[in-house]
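Now for the letters of each chain:
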Amino acid sequence: MSAMLLHKEKWSEFTGKLSGKNLWAPVVQGEMKKFAPVAEGDPVNLEEGNTTVPPKALLFPQTETLYRFSAGGEELELPEADEEIILLGVRPCDARAIALVENLFRWDFDDPYYLKRRELTTLIGLACNEPELNCFCPSVGGSPASTEGLDILLTDLGESYLLETITDKGKALAEECKDLLEEAPAGAVEQKEKLAQDALGKIKWSVDPEGIPEALPQLWEDPLWGRVSAPCLGCGICTYLCPTCYCFDIQDEIEGSAGRRCRMWDSCMFAEYTKHTSGHNPRPTRRERTRNRINHKYSYFVDKFGVIACVGCGRCSTLCPVNIDLIDILRQVKAAQ
Amino acid sequence: MDLNQLRKVAAEVVSRDDVKYLIGWRRGTFGYRVAPYFVEDAAGVDELIFSPLCISNLATYLTLVEKLPVPRGQEPDKRKVALLVKGCDSRAVAQLLVEKGVKREEIVVVGLPCPGMIDRDLLAEKYPETDKAAELRWNGEDFLLVGEGEDIVIPRAEVLAEKCRLCRHPNPVLSDITVGEPVKPWAAADDSGVAEIEAKGAAERWDYWEEQFSKCVRCYSCKSACPLCYCEDCILDRLDPIWVNRAVNFSENTAFHLARAFHLAGRCVECGECERVCPAGIPLGKLNRKLAQTVREEYGFEPGLDPEAEPFQASYKPDDPEEFIL
């Protein structure tokens, strides 16, 4: 890992240079914050915290074409090849989520769509000097300056950004921008470490996940599930906007004699998700669906890949319209143990 | 609002043999959050609150309940569900009764005259949320943020929710028990949100909604939170045929939102839940209020005022002039 300095007066030149390489960064659109393409001269908003829609949407689009077909056609037509993309201003939790989700897409089958896109993506992170209200990344193995999943990490030092390259991909990109960078002066890395340490101290919520993966299967019929799921409306906010949720459905869209097979986000919080053609639903109520959401993140994924599928970004708790709070659920799990 | 009186009434209601539980609100886990709260026994009433943050419409839960099949030889639980309602919430209950979505004998309605609710986002812009659950109270016309040190008076106009500015029915239109004195209805503000869109030209309006609907992630929180979106078999979930593609793009998103809006015409009680819960900030209230306005002005009908009313879209008059039919 090497450290360089990017002066803020060079910022627009820096983003201008990257904008020629399909640059996406957080933009604010009313109440919604999301990653959008940035053209030269467009402002990049790094002030706000996490985007409403996590950057997973760029690697795992909400709807993607797997192939096109037509009646009588002999050949399946593959979608146009993706292009290289640079994501700027990715928060460390969201980058970690991308690294975790990769486990799934490399599991029993190498998913060519996801992995190709992953290969074409360069992630430039931004350390969180000011964590948000519901952040709890340290509880689940992250940190406000975690580099996991990132190619480059930026840290706001006030007048400048400290730019640390993490991977070869990151190094290559920094090399292309070297005219805009200078050697990090002595003390810059220490300053960054101090900021990261201070950021840890600003995080309000914590829960010790020790024992939770083992406890969850034992609490299958515990009354806590009825309690925590009672207010649930059964919408898809907590899953669609979760950076580590990756469930999808595959459907065909047909118009006339041609169509496409596509993959789209699905949510285990929807009743339809597990509904059988017979009409039977093995997860008949929001109690079972809420239990599944927590079990998947804090137990099944751990069994399979050895890591909790939650990065502590706090989106589910912040965005839930009825105050279903993940920390509250985890604390109830620990108490019921 | 005298919380002791509310809790006393609630304790009496949940102690009744024919009542399963009472749905109210309790303080949330942080900031300005309030959580729907299911009280099953008298011991639970101490956590019940009614504050200017209790904006959510609990009538949604009447149709949201998912009943498991009753095992052979067992009787279904026929006890009533009790719930707290503000003026707008009571209109949702009335409309559900009109549509026979809920039967009168299945519910106990505890009415709460409502002095107006706070828009949490407006409040948080001025006084950011913290990890502590804040307490808000009514303070004459205004609101009071109860602080650890000094209380802060927040002028009503600064944070009053849009639906409350436009509210014509702050007192419950029906209830079995009312807690608190009726409030004096205030003059409903002009619907500037709808007027603003009406003032746009067709192309500009299209652009506006294109921008809005393009933000939709189809989480369906609007339809989940809507007390009157309760079809057991929703066209959105149909797979054969697929009426609205699951694909998320402007075209399909628009089909979804327009289908929902049309299905709510003459039924929407303007409780504002769709817009409140939307994570993308799509102004769905404007869409639904426009339809409600049309029904009110063209047909002189306002849903959710009379539980005995004929359902608007299902009523027929032999002497209807039908002037629009050529």
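Only a predicted model underlies this, so the values are computations on that prediction, with no experimental measurement involved.

With that out of the way, let us pick up the overall build of chain B. Helix and strand content of chain B: 12 helices and nine strands. Relative to the globule expectation of 20 Å for 326 residues, the C-alpha radius of gyration of chain B, 21 Å, shows essentially globular dimensions. A principal-axis box enclosing the C-alpha atoms of chain B has dimensions of 60 × 60 × 45 Å. Taking all 326 residues of chain B together, the buried fraction comes to 51%. In chain B, the share of contacts with a sequence separation of at least 24, taken over all contacts with a separation of at least 6, comes to 74%. When the accessible surface of chain B is summed, it comes to about 16,200 Å², and 51% of that surface belongs to carbon and sulfur atoms. Counting 41 positive and 56 negative side-chain charges, chain B places the averaged centre of each group 3 Å from the other.

Let us now look at the domain arrangement of chain A. Residue and element names in this part refer to chain A. According to the domain assignment, chain A contains domain 1 (2–202) and domain 2 (212–336). Of note, the centres of domain 1 and domain 2, computed from C-alpha atoms alone, are 26 Å apart. Listed by partner, the interface residues are 38 residues for domain 1 and 40 residues for domain 2. Carbon and sulfur atoms supply 64% of the area that domain 1 and domain 2 bury against each other, a total of about 3,400 Å² over both sides. Sorting the residues of domain 1 by area buried against domain 2 places Lys-56, Phe-69 and Phe-136 first, and these three jointly supply 18% of that buried surface. Applying the counting rule to domain 1 against domain 2 returns three salt bridges. Between Arg-315 and Asp-94 there is a salt bridge; the shortest N-O distance is 2.8 Å. There are 20 residue pairs in polar contact (both at pLDDT 80 or more) connecting domain 1 and domain 2. Looking at the side of domain 1 that touches domain 2, the elements that each hand over two or more residues are helix H2 (56–59), strand E4 (63–70), helix H3 (92–105) and helix H4 (112–120).

A separate point is the packing of helix H8 (residues 202–214) of chain B against helix H10 (residues 250–264) of chain B. All names here are of chain B. Interhelical geometry of H8 versus H10 gives an angle of 95 degrees and a closest axis separation of 9 Å. Our classification of the angle between H8 and H10 gives roughly perpendicular. Residues Trp-206, Trp-209, Glu-210, Phe-213 and Ser-214 of H8 touch H10, and the partners they reach there are Phe-250, Asn-253, Thr-254 and His-257. Of the residues belonging to the contact of H8 with H10, the class tally is four nonpolar, four polar and one charged.

What follows deals with a negative patch on the surface. All names here are of chain A. Together, Asp-208, Glu-210, Glu-214 and Asp-303 make up a region of like negative charge exposed at the surface. Mapped onto the fold, Asp-303 is located in helix H10 (residues 286–305). For Asp-303, a relative accessible area of 63% puts it in the exposed group.

All names here are of chain B. Where H10 contacts helix H12 (residues 284–299), the axes come no closer than 9 Å and their chain directions differ by 40 degrees. One way to sum up the angle between H10 and H12 is to call them oblique. In this structure, H10 crosses over H12, and the sense of that crossing is right-handed. Within the contact between the two elements, H10 uses His-257, Arg-260, Ala-261, Phe-262 and Leu-264 and H12 uses Leu-284, Leu-287, Asn-288 and Leu-291. Here the contact of H10 with H12 is built from residues that sort into six nonpolar, two polar and one charged.

With that settled, consider the packing of aromatic side chains. Going through the model one piece at a time under the given rule, you end up with 23 aromatic pairs over all chains. The interplanar angle of 55 degrees and the centroid separation of 4.7 Å between the aromatic rings of A:Phe301 and A:Phe305 together place this pair among those described as tilted. Note that A:Phe301 and A:Phe305 are positioned in helix H10 at a spacing of four residues, about one turn of the helix. For A:Phe301, a relative accessible area of 2% translates into the label buried. By way of ring pairs, the aromatic residues A:Phe60, A:Phe105, A:Tyr114, A:Tyr240, A:Phe248, A:Trp265, A:Phe270, B:Tyr220 and B:Phe256 are connected into one cluster. Sitting above the plane of the A:Trp265 ring, A:Lys56 keeps its charged end 4.6 Å from the centroid. The side chain of B:Arg156 reaches across the aromatic face of B:Trp186, ending 4.7 Å from its centre.

Reading the values: the criteria
- Residues numbered from 1 in each chain as written.
- Chains lettered and ligands numbered in written order.
- Predicted model: local features only at pLDDT ≥ 70, side-chain atom pairs only at ≥ 80, totals over all residues.
- Heavy atoms only, no water.
- Helix = DSSP H or I, 4+ residues; strand = E, 2+ residues; numbered from the N terminus.
- Rg over C-alpha atoms; globule rule 2.2 N^0.38 Å.
- Buried < 20%, exposed > 50% of the residue type's maximum accessible area, 1.4 Å probe, protein only.
- Contact = heavy atoms within 4.5 Å.
- Areas by Shrake-Rupley, 256 points an atom, 1.4 Å probe, with all protein chains shown as cover.
- Lys, Arg positive; Asp, Glu negative; His and termini not counted.
- Charge placed at Lys NZ, Arg CZ, Asp CG, Glu CD.
- Domains from an automatic or database assignment.
- Buried area = accessible area lost by both parts, 1.4 Å probe.
- Salt bridge = Lys/Arg side-chain N within 4 Å of Asp/Glu carboxyl O.
- Polar contact = N/O pair within 3.5 Å; in protein donor to acceptor, adjacent residues only side chain to side chain.
- Axes fitted to C-alpha atoms, helices over the stretch in contact; angles between N-to-C directions.
- Parallel < 35°, antiparallel > 145°, perpendicular 65-115°, else oblique.
- Nonpolar A, V, L, I, M, F, W, Y, C, P; charged D, E, K, R; others polar.
- Patch = residues over 30% accessible without salt bridge, like charges linked within 9 Å, V, L, I, M, F, W, Y side chains within 5 Å.
- Left-handed = near helix turned anticlockwise from the far one by under 90°.
- Phe/Tyr/Trp six-rings, centres within 6.5 Å; stacked < 30°, edge-to-face > 60°.
- Lys NZ or Arg CZ within 6 Å of the ring centre and 35° of its normal.

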